[in-house]
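Secondary and tertiary structure notes
Below are the chains, spelled out letter by letter.
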Amino acid sequence: MNANNILNNLNNNIINNSINNFNNNNNNNNNSNNINSNQHTLRRTMSCPLSHPDQPPDQTVQVGTQLIPTGWSTALIHFHSFETLPSQKGESTDSEPFAMHGLDWYLRLHPGGATSANDDRVSLYLRCKSAADQSNISVYAEFSLALVRNDGQWDSHMSCPCVPFNRKRKGWPNFISRSRILDPGCQLLKNDCYGGTLTVLVKVQLFQDVRTLECYVPKNDMNCKLLRLLEEANSTDHDDHKNKYADDSSNTTNTADVQFNVEGTTLYAHSLILKMSAPTLASLCEDTDRDTAIPITGVSPHIFHCLLRYAYGDDIPNELWSRNASRTSVGGVSCTSSAMELLDAANRFGVVGVKLIAESKVVQRDIAVETASDLLLYADSNDCALLKEKVVDFFLSHAEQIRKTPEFQKVKESNTILDELMEALLSKRVYRMFPLGENDVDYGSMGVNLLRKKLGERGLDVDGSREMLIHRLTLDDKAARGSGASNGGDVVSLAQAYSLLVDNSNVGR
């Protein structure tokens, strides 16, 4: 065996031993290392055991974004001729980019220490190049860095828990002393043809964002061309549109055949579009000519225009959610943002997609001790199933505070709602947000989002109370068993489901 083969075999053994030792020792590391991303300093914290380890907690509260690990990936990075690398304080050498988890990463080595490092220190940082190249992307990852000795053992191991990688690098300014690396007894520099190679073992684990409470909204199949219909119909200067699309055979400036008078503002629309995507609005246009404006009261013009935009092209302007409400209250609920206004208007005019989106926004922003009672009553009377579910969940953890508010007196007037709250308190209910296989029919344990998703996948109506959603799924199951196949094309309407509920004494609202 020649010298090159011996050298290659030795190098492979060192790499394999270092990775195995690194994996084994990393699992036994009891210290939790945290990085201050601004100061790049390491803090070590010891885990504190529970005072009663055998006693289960009464509840678990999730705060912030939930992340799940996706597995570890490792790489060996060689810095050749370490002693000749720029070693003035602040000077650095970057590795070539290397791929891990489908992303590009690189190491930045300061042989003489970063500007914030102590004397005689080597600084080492990891950076996600893919995230740094994009201004609005953060990659969540846990990582560890270690030096590899000539005997394959790892040295100076440092680890960092899950942190977001964006434009900033993560690492340690005082990773190891330079004199230790240069000490032959430490075996950190490999005596090879490159003149002393420093090998760094990198281990990275990505974390995936789990949106367990993400609201399911059925896809509206309209496209941006339909939005152009609405834009042209409501242009303040039709001549401009005529000139703009003079050579365009698809010019539709004067095709609107319906007009609405919304608190003094005239908005134009197309009856055919409304019949397809907003049938309740379309029904208002029946038996009227195109020159007669249909009066719309109780809704501000910009909210009504949002309903039309969604009906035409599945579009709600993002600025709406940060806009202050134009009314002080809607349906007995105090308004501070436009979400509640949009929810009430969408429910009133039967634009289901907008209702579900606005409902999810109200769930995220408007549930509080002061508003919980009014929101519960509103959700119950307007079949806002998700809102009702989340308000009841909020009540379970804030019952004492909510009972002391004046608004709770109105809740006490409803025996049905009081019974539901009492049942929720006693049962400590927890609805699941994930299916249990393809044949999962345990609808009573499912959350509203999952129920709506199942209905949407079958082509059924996703609007209505929780009881109506479950009843609609049950009816479809019975029809499937009777015919031998699910008939997803027959949509059970809100009115039909409600009628079935009233007629069926075994199903209560």
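So, here's what we can say about the structure. (Residues numbered from 1 in each chain as written. Predicted model: local features only at pLDDT ≥ 70, side-chain atom pairs only at ≥ 80, totals over all residues. Heavy atoms only, no water.)

**Some details on the overall build of the chain**
- Check the secondary structure of the chain and you find 17 helices and 17 strands.
- Here the chain, with 509 residues, has 43% of them falling under the buried criterion.
- The contacts of the chain with a sequence gap of at least 6 include a subset with a gap of at least 24, amounting to 63%.
- Total accessible area on the chain stands at roughly 27,100 Å², and carbon and sulfur atoms take up 47% of it. (Helix = DSSP H or I, 4+ residues; strand = E, 2+ residues; numbered from the N terminus. Buried < 20%, exposed > 50% of the residue type's maximum accessible area, 1.4 Å probe, protein only. Contact = heavy atoms within 4.5 Å. Areas by Shrake-Rupley, 256 points an atom, 1.4 Å probe, with all protein chains shown as cover.)

**Description of the sheet that holds strand S15 (residues 293-296)**
- With respect to topology, three strands assemble into an open sheet ordered S14-S13-S15, the strand pairing being mixed. Two strands bound the open sheet, and with one partner strand each, they are strand S14 (265-269) and S15. The mean inter-strand angle of the sheet, taken between neighbouring strand axes irrespective of direction, is 30°.
- Across five bridges, strand S13 (residues 258-262) lies against S14 in antiparallel orientation. Looking at S14, one finds that asparagine 261 is bridged to threonine 266. (Pairing = 2+ DSSP bridges. Axes fitted to C-alpha atoms, helices over the stretch in contact; angles between N-to-C directions.)

**Brief notes about helix H9 (residues 338-349)**
- The end-to-end C-alpha distance of H9, which contains twelve residues, comes to 16 Å, matching closely the 16 Å that a straight helix rising 1.5 Å per residue would cover.
- Most of H9 sits out of view: ten of its twelve residues are buried.
- Inspection of H9 places Ser338, Ala339, Met340, Glu341, Leu342, Leu343, Asp344, Ala345, Ala346 and Phe349 among the buried residues, and these make up the whole buried set.
- Looking one or two places after H9, you find glycine 350, whose phi comes out positive at around 70°. (Expected span 1.5 Å × (residues − 1).)

**Re the side chain of glutamate 341**
- When you line up the elements, glutamate 341 lands in helix H9.
- Excluding residues within four positions of it along the chain, glutamate 341 makes contact with Ser300, Ile303, Ala325, Ser326, Arg327, Val330 and Cys335.

**Regarding the pattern of salt bridges**
- Counting across every chain of the model gives 19 salt bridges.
- Residues aspartate 151 and arginine 149 are paired through a salt bridge, measuring 3.2 Å at the closest nitrogen-oxygen approach.
- On the basis of relative accessible area, arginine 149 is assigned to the partly exposed category, the value being 22%.
- Here lysine 410 and aspartate 374 are joined by a salt bridge, their closest N and O atoms 2.7 Å apart. One end of the pair, lysine 410, is in helix H13 (residues 408-412); the other, aspartate 374, is in helix H11 (residues 372-381), and 36 residues separate them in sequence.
- What makes lysine 410 partly exposed here is its relative accessible area of 39%.
- When salt bridges that share partners are traced, they join Arg149, Asp151, Asp155 and Arg180 into one network. (Salt bridge = Lys/Arg side-chain N within 4 Å of Asp/Glu carboxyl O.)

**Observations regarding the packing of H9 against helix H10 (residues 352-365)**
- One can describe the packing of H9 onto H10 by two numbers: an axis separation of 8 Å at closest approach and a directional angle of 150°. Judged on the interaxial angle alone, H10 and H9 are roughly antiparallel. The element H9 and its partner H10 pack so that their crossing is left-handed. Each of Ala339, Met340, Leu342, Leu343, Ala346 and Asn347 in H9 lies in contact with H10, whose residues at this interface are Val354, Lys355, Ala358, Glu359, Lys361 and Val362.
- Grouping the constituent residues of the contact of H9 with H10 by class yields eight nonpolar, one polar and three charged. (Parallel < 35°, antiparallel > 145°, perpendicular 65-115°, else oblique. Left-handed = near helix turned anticlockwise from the far one by under 90°. Nonpolar A, V, L, I, M, F, W, Y, C, P; charged D, E, K, R; others polar.)

**Looking at the pairing of S13**
- Counting buried residues along S13, four of its five residues qualify, which places the element largely inside the surrounding structure.
- Between S13 and S14, which pair antiparallel and follow one another directly, the connecting turn spans two residues, one of which, glutamate 263, has a positive phi of 50°.
- The pairing of S13 with S15 spans four bridges and is parallel. For valine 262, the partnering residue across the bridge sits in S15 and is isoleucine 296.

**Here's the deal with the state of the cysteines**
- Within the structure shown, the criterion is met by zero disulfides.
- Counting only cysteine sulfurs, cysteine 162 is the nearest neighbor of cysteine 160, a cysteine outside any disulfide, at a range of 8.4 Å. (Disulfide = S-S within 2.5 Å.)

**Focus: the packing of aromatic side chains**
- Here the structure, examined in full by the defined rule, presents seven aromatic pairs.
- A ring pair is formed by phenylalanine 143 and tryptophan 172, whose centres lie 5.5 Å apart and whose planes are at 55°; its orientation type is tilted. Taken together, the positions of phenylalanine 143 in strand S8 (residues 139-148) and tryptophan 172 in strand S10 (residues 170-177) put the pair 29 residues apart, joining distant regions of the chain.
- For tryptophan 172, a relative accessible area of 1% translates into the label buried.
- Linked through ring pairs, Trp105, Phe143, Phe165, Trp172 and Phe175 together constitute an aromatic cluster.
- Note that arginine 169 overlies the ring of tyrosine 125, its terminal NZ or CZ placed 4.3 Å from the centroid.
- One cation-aromatic arrangement involves lysine 203 over tryptophan 72; the distance from NZ or CZ to the ring centre is 4.7 Å. (Phe/Tyr/Trp six-rings, centres within 6.5 Å; stacked < 30°, edge-to-face > 60°. Lys NZ or Arg CZ within 6 Å of the ring centre and 35° of its normal.)

**Observations regarding the pairing of strand S9 (residues 154-165)**
- The buried count for S9 comes to nine of twelve residues, which makes it a mostly enclosed element.
- Both S8 and S9 contribute to a ladder of eight bridges, which runs antiparallel. Within S9, the residue paired with serine 144 across the bridge is serine 159.
- Counted along the chain from S8 to the antiparallel partner S9, the turn is five residues long, and its residue glycine 152 has a positive phi close to 90°.

**Details of the nonpolar core**
- Ranked by internal contacts, the top residues of the largest apolar core, which has 78 residues, are Phe260, Leu274, Phe304, Leu307, Met340, Leu342 and Leu387.
- Among the elements that take part in this core, helix H12 (residues 385-403) stands out by supplying nine residues, more than any other.
- Apart from residues lying up to four places away in sequence, leucine 307 is in contact with Leu342, Ala345, Ala346, Phe349, Val351 and Val354.
- By size, the runner-up hydrophobic cluster in this structure holds 37 residues, among which are Val122, Ala131, Phe165 and Ile181. (Core = buried A, V, L, I, M, F, W, Y, C linked by side-chain atoms within 4.5 Å.)

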